[in-house]
Amino acid sequence: MRLLSYMGQWKSAAKEVLDRTAIVAKFLCLLHVTNNYLCSPTLVYGPSMLPTLNLTGDVVLAEHVSHRIGKVGTGDVVLVRSPVDPRRILTKRVVGMEGDTVSFYVDPMYSQTTVVPKGHVWIQGDNTYASSDSRHFGSVPYGLIQGKVFFRVWPPDGFGTLEQ
Amino acid sequence: MVGLIGRLWNLQYKSIVKEASGKTLAVAKFFCVLHITNTYLCTFALAYGPSMIPTFNLTGDMFLAERLSIKFGKVGPGDIVLLRSPESPRKVMVKRLLGLESHSVTYVVDPMNSDRCDTIVVPKGHVWVEGDNIYNSRDSRQFGPVPYSLLEGKVFCKIWPPKEFGSLMKSGMKDPDL
């Protein structure tokens, strides 16, 4: 008799746990979908985008809609998966789209010109002295672009859209 | 009298709207689960074209591809992979993986016109893919090694046509160690 009442209590407690877990799971799903397909905050750090982005780290908002509809163009700051290390995501500026002619300095006296092949983009960091980008690993397939940065959230004195 | 009818209509309308939104929510949740499964677990796709003959037919075979191996780095030479084309970002293609980074790959440059072979070392972070039908396939021999992040799935099972149902054997023709 007492066993039955224990089982009943246990059942209702388990049901409540499941309901709460379902709510948390649904919230995480919504967060995940927003992060991947709409807009996500990202911490970016490193010297390669000085002076646009700081060395010690900025929190920026990146939207994930433009690159799916082909609206990424020259001058945009984008998040790109590194072609050299698949686990890293880089923040660089798009300097040339497919078909564009790009000139860059390999060393201070020797400049090279290339045409960006079909389906690729040429990315460079704003701080050309301390950036590992397309000048080193070549043009990057457009499919590696993960998002376009459009707004800075932190630090507060840098709040707002990024300058060109 | 008119007010009473009005209130009755309101009540009916409310319950219809409630039921409709409840059903829509259930359908939306089902599509969400389907989408998550497709993107992170397992997806099925139709492959057509001549570049993977005889493994896949010209007119189209359906197969299952799983997405976990790519994320955990468990693909190797000999696997058939789904990858986003480096030339047309909206196209996804099916090819066989022949070499991972730092592997040395030997390939026939232009089998229709000559027997010339070339050897290349796959750079860091890239993979080398080729179609099984090297006479009619646009692959790494034309557009070079492909960054690993463009890989989207590993094909493990063919599901259509029914008489070719089953897991895909590693190709005997292409030994990546040769």
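Placed above this text is the structure.
Residues numbered from 1 in each chain as written. Chains lettered and ligands numbered in written order. Predicted model: local features only at pLDDT ≥ 70, side-chain atom pairs only at ≥ 80, totals over all residues. Heavy atoms only, no water.

Engineer: So what's going on with the overall build of chain A? Which residues, and what values?
Structural biologist: When helices and strands are counted, chain A shows two helices and nine strands. Going from N to C terminus, chain A has its helices and strands arranged as α-β-β-β-β-β-β-β-α-β-β. Relative to its length of 164 residues, chain A is extended, with a C-alpha radius of gyration of 23 Å against a globular reference of 15 Å. For chain A, with 164 residues in total, the buried portion stands at 36%. If you take every contact in chain A between residues at least 6 apart in sequence, the share linking residues at least 24 apart comes to 51%. Summed over its atoms, the accessible surface of chain A is roughly 10,200 Å², and 63% of this surface lies on carbon and sulfur atoms. (Helix = DSSP H or I, 4+ residues; strand = E, 2+ residues; numbered from the N terminus. Rg over C-alpha atoms; globule rule 2.2 N^0.38 Å. Buried < 20%, exposed > 50% of the residue type's maximum accessible area, 1.4 Å probe, protein only. Contact = heavy atoms within 4.5 Å. Areas by Shrake-Rupley, 256 points an atom, 1.4 Å probe, with all protein chains shown as cover.)

Engineer: Which residues make up the packing of helix H1 (residues 2-37) of chain A against helix H1 (residues 2-40) of chain B, and what values do they have?
Structural biologist: Two numbers describe how H1(A) lies on H1(B): the axes approach to 12 Å, and their chain directions differ by 60°. Looking at the two axes, H1(A) sits oblique to H1(B). As for how H1(A) packs across H1(B), the hand of that crossing is left-handed. Residues A:Lys26, A:His32, A:Asn36 and A:Tyr37 of H1(A) touch H1(B), and the partners they reach there are B:Lys29, B:His35, B:Ile36, B:Thr39 and B:Tyr40. (Axes fitted to C-alpha atoms, helices over the stretch in contact; angles between N-to-C directions. Parallel < 35°, antiparallel > 145°, perpendicular 65-115°, else oblique. Left-handed = near helix turned anticlockwise from the far one by under 90°.)

Engineer: Which residues make up the interface of chain A and chain B, and what values go with them?
Structural biologist: In this assembly, 19 residues from chain A lie in contact with 18 residues from chain B. For the chain A and chain B pair, buried surface summed over both sides reaches about 1,400 Å², with 60% attributable to carbon and sulfur atoms. By the criterion of area lost to chain B, the three top residues of chain A are A:Pro83, A:Val84 and A:Pro86, representing 25% of everything that side buries. Applying the counting criterion to the chain A and chain B interface returns zero salt bridges. Counting across the chain A and chain B interface gives six residue pairs in polar contact (both at pLDDT 80 or more). Element by element, the count of residues in the side of chain A that touches chain B is highest for H1(A), at four residues. (Buried area = accessible area lost by both parts, 1.4 Å probe. Salt bridge = Lys/Arg side-chain N within 4 Å of Asp/Glu carboxyl O. Polar contact = N/O pair within 3.5 Å; in protein donor to acceptor, adjacent residues only side chain to side chain.)

Engineer: Just give me the short version of the pairing of strand S3 (residues 77-81) of chain A, but keep the residues and values in it.
Structural biologist: All names here are of chain A. Counting buried positions along S3 gives four out of five residues, so the element sits mostly inside the fold. Judged from the five bridges that link them, S3 and strand S4 (residues 89-96) form a sheet pairing that is antiparallel. Its bridge partner being in S4, Val78 is matched across the sheet by Lys92. (Pairing = 2+ DSSP bridges.)

Engineer: Account for the pattern of salt bridges, with residues named and values stated.
Structural biologist: Opposite charge on two side chains permits them to pair, given that their charged atoms come into close proximity. Tallied over the full model, the rule gives 14 salt bridges over all chains. In this structure, A:Asp76 engages A:Lys148 in a salt bridge whose closest nitrogen and oxygen atoms are separated by 3.7 Å. One end of the pair, A:Asp76, is in the loop between strand S2 (58-63) and S3; the other, A:Lys148, is in strand S9 (residues 145-154), with 72 residues separating them in the sequence. On the basis of relative accessible area, A:Asp76 is assigned to the buried category, the value being 16%. Taking the relative accessible area as the measure of exposure, A:Lys148 reaches 17% and is therefore buried. A salt bridge links B:Arg96 to B:Asp132; the shortest N-O distance between them is 2.8 Å.

Engineer: Any chance you could break down the side chain of A:Ser48 for me, citing the residues and the numbers?
Structural biologist: All names here are of chain A. Inspection of the secondary structure puts Ser48 in the loop between strand S1 (39-44) and S2. Residue class for Ser48 comes out buried when judged on its relative accessible area of 13%. Within the local environment of Ser48, its side chain forms a polar contact with the side chain of Lys92, the two groups lying 2.8 Å apart. Setting aside its immediate chain neighbours within four residues, Ser48 contacts Thr91, Lys92, Gly125, Asp126, Asn127, Ala130 and Ser131.

Engineer: Provide a residue-level description of the pairing of strand S4 (residues 92-99) of chain B, including the pertinent values.
Structural biologist: All names here are of chain B. Burial of S4 is extensive: seven of the eight residues sit out of reach of the surface. The pairing of strand S3 (residues 80-84) with S4 spans five bridges and is classified as antiparallel. Bridge pairing in S4 links Ile80 to Arg96. One ladder, built from three bridges, connects S4 with strand S7 (residues 126-130); its direction is antiparallel. Bridge pairing in S7 links Leu97 to Val129.

Engineer: Please set out the sheet that holds S9(A) residue by residue, giving values where relevant.
Structural biologist: Residue and element names in this part refer to chain A. The seven strands are arranged S1-S2-S9-S3-S4-S7-S8 in an open sheet whose pairing can be described as antiparallel. Of all strands in the sheet, those with a lone pairing partner are S1 and strand S8 (140-141), marking the two edges. The pairing of S1 with S2 spans six bridges and is antiparallel. Opposite Leu43, over in S2, you have Val59 as the bridge partner.

Engineer: Could you give me a rundown of the environment of B:Gly3, with the residues and numbers involved?
Structural biologist: Residues and elements named next belong to chain B. Residue position: Gly3 is located in helix H1. Overall, the relative accessible area of 44% leaves Gly3 in the partly exposed class. As for Gly3 and Glu66, which are separated by 63 residues in sequence, their C-alpha atoms are 60 Å apart.

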